[in-house]
Amino acid sequence: MDGLLAIKDLHVGFRIFEGRLHVLNGVLLDVREGERVGLVGETGCGKTTTVKSVLRVLPTPPAVVLGGEIVYRGRDVLKMSRRQMTALRRHELTAIFQDPLQSLNPVFTIGTQLRDIVKDSAIGQGRRLSRREVEARCIQALQETGMPDPERIMTNYPVQLSGGMRQRICIAEALSTNARLLLADEPTTNLDVTIQDQILRKLDELVDEKGASVVMITHSMGVVRDLTQRVNIMYAGSIVEAGGTRVLLEAPKHPYTRGLMASVPKLTGEGISEGIPGRIPNYLDPPSGCRFHPRCEHRMEICDQESPPFYEIGDGHRAACYLYQEAS
Amino acid sequence: MNDHPILSVDHLVKHFPTKAGVVRAVDDISFDVAAGDTLGLVGESGSGKTTTAQCVLGIYPPTSGQISFDGQPIGVVFSRRKKELKRSIRIVFQDPGSSLNPKRTIKQILSVPLKVHGMGSTRERLSMMNELLEMVELPPAEYLYKHPQSIGGGEKQMVAIARALATNPRFVVLDEPTSALDVSVQGKIINLLMRLAEELELTYLFITHDLSLMRNVATRVAIMYLGKLCEIARTERFFRAPRHPYTKMLLSSIPVVTSDEESLKPEKVVSQGEIPSPVNVPPGCSFHLRCPVRMPICSQADPEMRDLGDGRVVRCHLYDDEAT
Amino acid sequence: MQWEERRTDLQATLAQRRRGLARGWYRFSRNPLSVIGLAVLSLIVLAAIFAPYITPYPEHAKPYTNFSAGSLPPSSTYWFGTDRVGRDIFSRVIFGYRFSLTIGIVVLGLGVAPGVILGLVAGYHQGTWIETIIMRITDVFLAVPPLVLALAITAMLTPNLMNQMMAIALVWWPWYARLVFALASSLRSEYFVREAELTGASKLHIMFREILPNCFAPVMTKMTLDMGIVILLGATLSFIGLGVQPPKPGLGTMVAEGAKRLPGEWWGTIFPALAIVIVILAFNLVGDGLRDVFSVEEV
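The shown structure was predicted, so the numbers you read here are calculated from the model rather than taken from an experiment. (Residues numbered from 1 in each chain as written. Chains lettered and ligands numbered in written order. Predicted model: local features only at pLDDT ≥ 70, side-chain atom pairs only at ≥ 80, totals over all residues.)

## Focus: the pairing of strand β9 (residues 220–225) of chain B
Residue and element names in this part refer to chain B. Counting buried positions along β9 yields 6 of 6 residues, so the element is predominantly enclosed. Bridge count for strand β3 (residues 38–42) against β9 is 4 bridges, and the pairing is parallel. Its bridge partner lying in β9, Val42 is registered against Ile223. Sheet topology places β9 next to strand β10 (residues 228–234); 6 bridges connect them, and they run antiparallel. Bridging across to β10, Val221 finds its partner in Ala233. Where β9 folds back onto β10 in an antiparallel hairpin, the turn is made up of 2 residues, including Leu226, whose phi is positive at roughly 45°. (Buried ≥ 20, exposed ≤ 12 C-beta atoms within 10 Å, placed from the backbone. Helix = DSSP H or I, 4+ residues; strand = E, 2+ residues; numbered from the N terminus. Pairing = 2+ DSSP bridges.)

The structure is reproduced here in structure tokens:
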């Protein structure tokens, strides 16, 4: 598998009243062709900021890129011109967000929106499709996501459909462009459990068929376990642990990951831990060195002096923690 | 500990007439909650779990049926309820962002229930507020004067809990209290709620869609589908040996994180189709269209609740032969 | 002991308020135009207050004639020139601002409070007969064009400033009723209102302590923008002779007087007209700035 996307040491800040928030603090993340990668973190850890940086849709005041690169198939996204960026968003990248009502235009029918996308992506590939071809493509995209009665759906407005169906449409839209990289930001968080299950399975199937890569952003460990091959755990603007999903979840190494896994309620009924003491840091004045150190029970002297680099622990498994300095 | 349940719901029905048809939000449910228990109420969209809680609180008057609290019938709108009842039954809402008035300080927010129920003079109230905040582990000096937007989601929810407990209630409805929060904060709040339940002898009606959470919080679990109860059982029994096909479907769809848990899940029941809307409830058993083990009788007659002993009740034709 | 507690309580509350104001000022000052507007407005207000002390010819605002100095163009003695009767236009413009600002303050003072209260009550009782009655009355008043109604009222009564202000106030309150009605009826379904209801708080508490604070921002913004419109309306009424009567120096009155002598003696009309434009513009800029202050964008 070749490298598709590589985020290298990304630093992003935001300028506000009280000063400057240093949110992303050296994000290191890579995605290979055909790979499914999870990005797990809690509210405020910067995962949405990271995704928006890749798509270059952060409003640049107040956001400001402080350093680093985002390399997509050999080129730095941050240095691209507007035209190059548009082409990238059209053909290579695609995204699904949490609230389908926000992604779908309420005053146009599903059909109108889907046809626009299909036509646009065809033009981008230098082809023009006849009306019948466009229609057929749309119906096919809807069918692929398991929608019953696609012809009728094409005439519906988003408000007439349930949450699950709307999200399926967003998936259909995203995948109809034949993009190489899908960025999914909490796509099933608002949905019922059984519907979530259905949709994730379908997404799994489709992504497999098309050979696309996925970055699945979520705060749910369970979703990541079912859907991804590798996972990155994010805290306060940087990746603290990364590795093969099953391995990492069964035996987490970084203290934050451990705390997180302990906090997840388990079906085994052993009770819930008290969570992780403390709060996420204030990005105006973040802790020096490892940003997790104020909340860490294994804190050592070196932890507040310098940010720990990644230490290799096992097969592709690495953690940014001085506890594993010798192990690597 | 007396024998009478603190809350008793008897054939509760709540229908909403709308232009599109009658929304049968709650369609004849009955259950009891014993004092000190935590009854978990589980269900997906359209199940009626929220409406049930709303009827208990008095947000809606029942269309028919009875709700009794401590033996007294209470099935009326809250505006017609006695004040003591409003002290005894309280709620913690799901979204702390909108359950706290953004234009008021924490002090002003906490003072409302205290003032309304005449709980002490101004000075006494101030010290009560300090106590309440200390009870939820938020240092009062810092938090009393803040506005909700300057504190985090978890802390907001703590304030909401403090507010709920301000009137020394006996029964608290918790409507998805941690759904909007991160997992690392959830633990603290849940453990706090459990501790307070013991210390203050509270009974909870705990609504959530997170079954793994339910497993660790509830003493009994009730699962609803399209306005009807499918199954009620003591928690461990509910999870280890579910009887109702919907329960099995739901349990098998939960995303779990460890292989230990994976082995505890029932066999995979693939859910198909969308959840019907409570305006178009299928005939017979409301679940039959999605049920993997449906029988001919299921599309004709709605099953009755059967008592399977040891506190377990199921509503499914598979168990028609059991005792009622 | 009790005093100590009360004092720390008070200090903490005040400190919190101060922080809020500081943050508000920061957001306001992001927009240079709003700051300019505020500066200009402050100047105008101060000038109006201290008019007798800072104008070169304060007595020209009272009945005064000096035909030998009549119709003089702007010069170093008379900065804006003189009118037909020999009065210094600059001094009269500054005094004219007194009338304009008074109109704005009185009209909004009279009109906003009843409008807000009615809208609040109607919004909270949406769907009941209370709402119907209040809002239909509001609709009736809204159907009448402000100028026409003000004209009719001032024509029936003696045309003077007081009646003019009451006339405008009478047409102004419905807009606030509508605004607050929309806000209150949507806020009614917020969880925090539901919570207060379930706790047993009185309707009065819910309307004025829970809902009203959330209406403050849009109402404030609207008031600021409205000041400009009200001032213009007052000037219009004066212009057609139904407001401030000569020889009083109302801005609209002065425009009317000077209009007869256009284009030759342009200073008699242009300066009062410009004065009206500037004060309206200043209010609009401040209003825009306030809107920015109140629209919080979470990062």
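On we go.
## Looking at the interface of chain C and chain B
On the chain B side, the residues contacting the 19 residues of chain C number 20 residues. If you list the elements that add at least two residues to the side of chain C that touches chain B, you get α1 (2–29) and α8 (191–199) of chain C. Sorting elements by how many residues they give to the side of chain C that touches chain B places α8(C) first, with 7 residues. Residue composition of the side of chain C that touches chain B, by class: 7 nonpolar, 6 polar and 6 charged. (Contact = placed C-beta atoms within 7 Å. Nonpolar A, V, L, I, M, F, W, Y, C, P; charged D, E, K, R; others polar.)

## Here's the deal with the confidence of the model for chain B
Residue and element names in this part refer to chain B. Per-residue pLDDT for chain B has a mean of 88; in total, 98% of the residues score no lower than 70. Mean pLDDT in chain B bottoms out at helix α12 (residues 259–264), which sits at 81, and peaks at strand β8 (residues 203–207), which reaches 95. The ipTM, which scores confidence in the relative placement of chains, is 0.86 for this predicted complex, and the corresponding pTM is 0.84. (pLDDT = per-residue confidence, 0-100.)

## Digging into the sheet that holds strand β2 (residues 21–33) of chain B
Within a sheet, each strand pairs with its neighbour through backbone hydrogen bonds, oriented either parallel or antiparallel. Residue and element names in this part refer to chain B. Reading across the sheet, the 4 strands line up as β2-β1-β4-β5 and stay open at both edges, with antiparallel pairing between neighbours. Each of the sheet's edge strands pairs with one partner strand only, and the pair in question is β2 and β5 (72–73). When strand β1 (residues 7–18) meets strand β4 (residues 64–69), the two strands line up antiparallel, connected through 5 bridges. Counterpart to Leu7 in the pairing with β4 is Phe69.

## Concerning the pairing of strand β12 (residues 312–315) of chain B
Residues and elements named next belong to chain B. One ladder, built from 2 bridges, connects β10 with β12; its direction is antiparallel. Bridged to Ile232 within β12 is Val313. Inspection of the sheet shows strand β11 (residues 305–309) paired to β12 by 4 bridges, in the antiparallel sense. Bridging from a neighbouring strand, Asp307 pairs with Val313 of β12. Counting the residues that bridge the hairpin from β11 to β12 gives 2 residues, and of these Asp310 lies at a positive phi of roughly 60°.

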